[in-house]
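Close look at the chain arrangement
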Amino acid sequence: MRIKLFLTALIALACSLSQPAAAVTYSAADGKLYKDGTEITLYGLNWFGMETGDRVLHGLWTGRQVADFMADMTGKGFNALRLPLSPETINPGFPIDSGPFSGEDCEVMCGNDGRTGLEYVLGKAEEFGMYVLLDFHTCNPANLGSALPGSPTGCSGYTVSDWLTDLQTMASLSLTYTNVVGIDLTNEPHALTYADWANLASQGGQAVLSINPNVTVWVEGVGNNSDNGGHSANWGQNLLEAGDIPGIPNNRLVFSPHSYGPSVAILPEFSDPTFPNNMTGVWEDLWGHLIGKGYTVIKGEWGGEYVGEDKVYQDALADYLLGKGVKSQFWWAVNPNSGDTGGVYENDWITWNSAKLAFLQGFMNSTPSSSSSSSSSSSSSSSSSSSSSSSSSSSSSSSSSSSSSSSSSGGSGPSVSCTVGAINIWSNGQYFQVDTTVTNNGPGSINDWQVELDFGEPVTVNGWNVLISNIVPTDPSKRIIDPCCAWNSNLGAGQSTAFGVQGSANDGSFDGQVSCTVLQPSGGTSSSSSSSSSSSSSSSSSSSSSSSSSSSSSSSSSSSSSSSSSSSSSSSSSSSSSSSSSSGGGSCSDIKTGGQSGNFNTTGPYCFRVQSNVNGWGASNFAGRSISVTVNGSGTAVTTVGAPLPSKGASDYYHFDSSAGSYPWASIYWW
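Residues numbered from 1 in each chain as written. Predicted model: local features only at pLDDT ≥ 70, side-chain atom pairs only at ≥ 80, totals over all residues. Heavy atoms only, no water.

1. As for the state of the cysteines
Formally: Criterion for a disulfide: a pair of cysteine sulfur atoms within 2.5 Å. Runs of H or I in DSSP of at least four residues are treated as helices and runs of E of at least two as strands, each being numbered from the N terminus. Residue burial is assigned from relative accessible area. The probe radius is 1.4 Å, only protein chains are included, and a residue is buried under 20% of its type maximum, exposed over 50%, and partly exposed in between.
Tallying each qualifying case throughout the model produces 3 disulfides. The disulfide that involves C106 links it to C110, with 2.0 Å between the sulfurs. Measuring the twist about the S-S bond at about -115°, one finds the C106-C110 disulfide to be left-handed. Residue C139 pairs covalently with C155 via a disulfide, S to S 2.0 Å. When the S-S torsion is 85°, as for the bridge of C139 with C155, the disulfide is right-handed. Of this pair, C139 sits in the loop between β6 (131-136) and α6 (160-176) while C155 sits in the loop between β6 and α6, and the two are 16 residues apart along the sequence. An identical accessibility class is assigned to C139 and C155; each is buried.

2. Remarks on the sheet that holds strand β3 (residues 38-40)
Our working definition: Being paired, for any two strands, means DSSP has found at least two bridges between them. In this description, a line fitted to the C-alpha atoms serves as the axis of each element, helices being fitted only across the stretch in contact, and the angle between N-to-C directions of two axes falls anywhere from 0 to 180 degrees.
Across the sheet, which stays open at both edges, the 3 strands sit in the order β1-β2-β3 with antiparallel pairing between neighbours. Looking at the sheet topology across the chains shown, the edges are occupied by β1 (26-29) and β3. Mean inter-strand twist for the sheet, computed between neighbouring axes without regard to direction, equals 40°. Two strands pair when backbone bridges link them, and strand β2 (residues 32-35) and β3 are joined in this way by 3 bridges, in the antiparallel orientation. Following the sheet pairing, L33 is matched in β3 by I40.

3. Quick word on the sheet that holds strand β7 (residues 180-184)
Note the cut-off: We call two residues contacting when some pair of their heavy atoms lies within 4.5 Å.
Reading across from one edge, β10-β12-β13-β4-β5-β6-β7-β8-β9-β11 is the order of the 10 strands in this open sheet, with parallel pairing throughout. Both outer strands of the open sheet, β10 (258-260) and β11 (296-297), are each paired with one neighbouring strand and no more. Relative to β6, strand β5 (residues 80-85) runs parallel, the two being bridged by 6 bridges. Within β6, the position partnered with L85 by the bridge is F136. Along the sheet, helix α7 (residues 194-211) makes contact with β7, β8 (216-219) and β9 (253-255), crossing β8 at roughly 160°.

4. With respect to unusual backbone geometry
Cis geometry marks the peptide bond from F275 to P276; its omega dihedral reads 5°. Note the cis peptide between Q520 and P521, where omega equals 5°. As for its position among the elements, P521 is in the loop between β22 (513-520) and β23 (525-527). Backbone geometry places R55, a non-glycine residue, at a positive phi of 60°. Along the polypeptide, R55 turns up in the loop between β4 (43-46) and α2 (66-75). Note on R55: relative accessible area 10%, which makes it buried.

5. Remarks on the packing of aromatic side chains
Quick reminder of the rule: Centres within 6.5 Å make a pair out of two Phe, Tyr or Trp rings, where for Trp the six-membered ring is used; the pair is then stacked when the planes are under 30 degrees apart, edge-to-face when over 60, and tilted otherwise.
Within the structure shown, the criterion is met by 21 aromatic pairs. The interplanar angle of 70° and the centroid separation of 5.7 Å between the aromatic rings of F69 and Y345 together place this pair among those described as edge-to-face. Here F69, found in helix α2, pairs with Y345, found in the loop between β13 (329-332) and α10 (354-365); they are 276 residues apart in sequence, far enough to count as distant. Taking the relative accessible area as the measure of exposure, Y345 reaches 1% and is therefore buried. Centroid distance Y345 to W352: 4.7 Å. Interplanar angle 50°. Geometry classified as tilted. No difference in accessibility class separates Y345 from W352, as the two residues are buried.

6. Things to note about the confidence of the model for the chain
Rules: Per residue, pLDDT measures the predictor's confidence, with a range of 0 to 100.
Looking at the chain as a whole, its pLDDT mean stands at 78, while 72% of the residues score no less than 70. In the predicted structure, residues 370-404 sits below a pLDDT of 50 and forms 106 contacts with residues beyond four places in sequence or in another chain. Below pLDDT 50 for its whole length, residues 409-413 participates in 9 contacts with residues either more than four positions away or in separate chains.

7. Focus: the environment of A80
For A80, the position within the fold is in strand β5. The exposure class of A80 is buried, given its relative accessible area of 0%. The spatial distance from the C-alpha of A80 to the C-alpha of V180 is 9.5 Å, given a sequence separation of 100 residues. What A80 contacts, discounting residues up to four positions off in sequence, is L42, Y43, G44, L45, M130, Y131 and F330.

8. Digging into the environment of G618
For G618, the location among the structural elements is in strand β29 (residues 617-620). Among the residues examined, G618 registers a relative accessible area of 6% and is labelled buried. Along the primary structure G618 and I668 are separated by 50 residues, whereas in three dimensions their C-alpha atoms are 5.8 Å apart.

Okay, structure coming up:
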């Protein structure tokens, strides 16, 4: 039966390749995008994985099918995907290296190459009415994140001729799959001056249009090697000198700058006392000026953790875009394993990040106006209270809660509060999710915090953006929560950070009573009050709980700081505590993490420790690496990826020790 289904899928794919598609014309004018003369709006998401050494969309390793993802996305209002690629998915012959492991996806992709997977995804997107932007993201999967080449040919042995040929191959796909709206010539060419980039873009655009004259050509900005108006530009954001590009008609040209806030790169503008109001002038100079000149400008990447100052930035950018009449955009990213931004999905690849979803839906449902006072920022302010947006499509319903708070004040020192927000319950009370915010209300900065969550009954939990490493030994209803990383442990005055905890009640029915108490900073008093859910939901056909399989892989970092040569490192595990010896012959940082992945950006050895329970585990982008897993760093080692791990005590930890490997962006994930 498996062979029959596989052959049927291949025949269907071959037939689709042999059938000429009806001609579709995409065009751009006066800030708008058109399909056969009718205006269209792209409510888009970036979904990465195919540009990595895995050569396949990330998240499919969970067993969730491409069709289910797309049904979920379109059901939430999204109608477009930007797919980052490398030559190893654009061209045949490079095998898929990680997932999928089941279902129709596996029937088509298992044992096949990345190009087969790409065409399968394009076909599925067409079935669901989703537009696709094909992004030439890197010339080599080994060059991602801080190693992003910064030009089309910044990889060893890869030439301009190779690039132009690959662009023509991408354009040929748009003839078969007419939902391909455009070709993004190169991701973030930050190493080039604008003059050099415009010359290459002219060649690239002509190569694309020579194959399909009816598809749009997307041109990103550069970095800070050209005039930036005295500002600091993200990689791909600087279009200050942009204008007509020879060989690319303006009705086929889309400028596509990338813009990111503090969760990706700390720019000097973010410390301006007038922030975020000062950003309007920055955006206007770097790319907004093009809209008033009749060009079409669409964000190919924007996004972030959407907490604290990063939320302030995103809200302001949304207002600016709407004020310019711009609604088409691609948010980075679908993937929760994007280290510096997180994803629209939580670590289980099922549950939506409620704040991000409410923000994006508010943006999509807003009416553009010249006043820029409407918008998504008001819609997003109540994001945590939307129970429908925080649950997955497979959950039937959820319940939201009132909030509670706890504070700690140390005299004239920092004052920290902890607020329990939405509590969502499904499957007749078996599973739950709790959203919590920690805020620094004091006049000074803090570099660490710790809170206690009291669930009112014995529970089993995991979380994201935090370490749940200390179970109160005498009370299984309580957990000690610490920040996972530098980006959410260091809070300036007035800054907040949010985290989520998902789990199940040990007796199978969660009562919904949760309180939060601040433990650190110490030196003051703290008080707490509980937050109870108003009701429990009905039974769900699919349990998107903490017990469902969740994993994460290598972070395809989206953008880098203008003032730094490297991008933000993976946020899943960055709280260094000590050094240890690596099986690869070098030394590495020993990382304690309570998340569900250890992403790293080095070809050298790497190690970290995990104190949570591990039911299963795997690795991604792991070519050339060996692995050793022990309890507390000693004893018998497990050396086969995915093999069962020995049992450990509640206070013990698993020590993952990886040797050097071929790819800098690699990951070990667990559930």
